[in-house]
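Structural overview for review
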Amino acid sequence: MTHVENELSSQPECWARAAEQATAHGAALPAPGERVAIVGCGTSLFMAQSAAALREQSGQGETDAFAASEFPHGRTYDRVVALTRSGTTTEVLELLGRLRGRTRTTAVTADPHTPVMESADDIVVLGFADERSVVQTRFATTALTLLRAHLGLHTDAVVADARTALETPLPEGLVDCTQFTFLGRGWTVGLANEAGLKMREASLAWTEAYPAMEYRHGPISISTRSTATWMLGEAPEGLAGQVRATGALWVAGTLDPLAELVRAQRLAVAVAAARGLNPDQPRHLTRSVILSGTPAH
């Protein structure tokens, strides 16, 4: 079993543990009414997008999401939350350094022995969700689960759905597709973005991701018999029929959207195996992006 397979299979237990710890970490996480920005890079950016949408939808305050390198320094926030598995990513550390003394910051990380521990005002360490793999799975979803639980939006049913996602066979013919499109709405747009990234990283697959209502505005033109279109969450009325009419395989998201992401992770591994690729050795990638010549603190 690859590191990726081992780590993605442990997600139900990691999510349950994160939910149990949410109250203990409450003081380090955004309070209701705070104006908040959530930042990250790569997978963490997409989790930030989902978390920001969830927080706004729940009425707890204005919340934006940015790539750490694109943070708008002209805006004022009560708190900036940085998601960083490694705690060493250059863009995140540079941003936290610029914000020090101006804006309260929180870092959610997996490794307590990295520079981010000295860079943020508040720290949440999810060491039990750390990973050996380059391709992120369980840390990202565990961090999002922590934030969902902090917002009061996590239930035991989510963990049960994650177990179902691990045990249920993937739809027949899905692995044989040559192009994959992931769709989301609201907070699941970030999950769709992440599903596409997993496919690109692990299996070098042609993947795209869109807000579901935008799919009709051009992207559906690429759909054909070798396309799989996967909806994370509830689909807009009529979209499934339109996709099927193109000859594409429609995959309905019947589980909690975060559990659907687990299924997409499994698909990435399965496609990699079918193509003779090792998902633990993604092309051109490293576990953390540390830019040469840039201070790591």
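Relevant structure appears above.
These numbers were taken from a predicted model, which means no experiment stands behind them.

**A few points about the pairing of strand β8 (residues 227-231)**
- Of all the 5 residues making up β8, 5 are buried; the element is thus mostly covered by neighbouring parts of the structure.
- Residue alternation in β8 divides its side chains into two sets, Thr 227, Thr 229 and Met 231 and Ala 228 and Trp 230, and both sets are buried.
- As paired elements, strand β6 (residues 179-184) and β8 share 5 bridges and run parallel to each other. Bridge pairing in β8 links Leu 183 to Met 231.
- In this sheet, strand β9 (residues 249-251) lies alongside β8 in parallel orientation, the contact comprising 3 bridges. Note on β9: the bridge partner recorded for Ala 228 is Leu 249.

**Some details on helix α2 (residues 11-21)**
- All of the buried residues along α2 are Gln 11, Pro 12, Cys 14, Trp 15 and Ala 18. End-on, the buried residues of α2 take up no more than an arc of 160°, which puts them together on one face.
- Buried residues along α2 sit against α1 (3-9), α6 (138-150), α7 (156-167) and α10 (257-274).

**Overview of the environment of Gly 40**
- Inspection of the secondary structure assignment puts Gly 40 in strand β1 (residues 36-40).
- The exposure class of Gly 40 is buried, given its relative accessible area of 0%.
- In this view, Gly 40 contacts Leu 45, Phe 66, Ala 67, Ala 68 and Leu 83; residues no more than four positions away in its chain are not counted.

**Here we look at the environment of Asp 156**
- Relative to the elements of secondary structure, Asp 156 occurs in helix α7.
- Judged by its relative accessible area of 68%, Asp 156 falls in the exposed class.
- Here the alpha-carbon distance between Asp 156 and Asp 111, two residues 45 residues apart in the chain, equals 27 Å.

Reading the values: the criteria
- Residues numbered from 1 in each chain as written.
- Predicted model: local features only at pLDDT ≥ 70, side-chain atom pairs only at ≥ 80, totals over all residues.
- Heavy atoms only, no water.
- Buried < 20%, exposed > 50% of the residue type's maximum accessible area, 1.4 Å probe, protein only.
- Helix = DSSP H or I, 4+ residues; strand = E, 2+ residues; numbered from the N terminus.
- Pairing = 2+ DSSP bridges.
- Arc of directions from axis to C-beta.
- Contact = heavy atoms within 4.5 Å.

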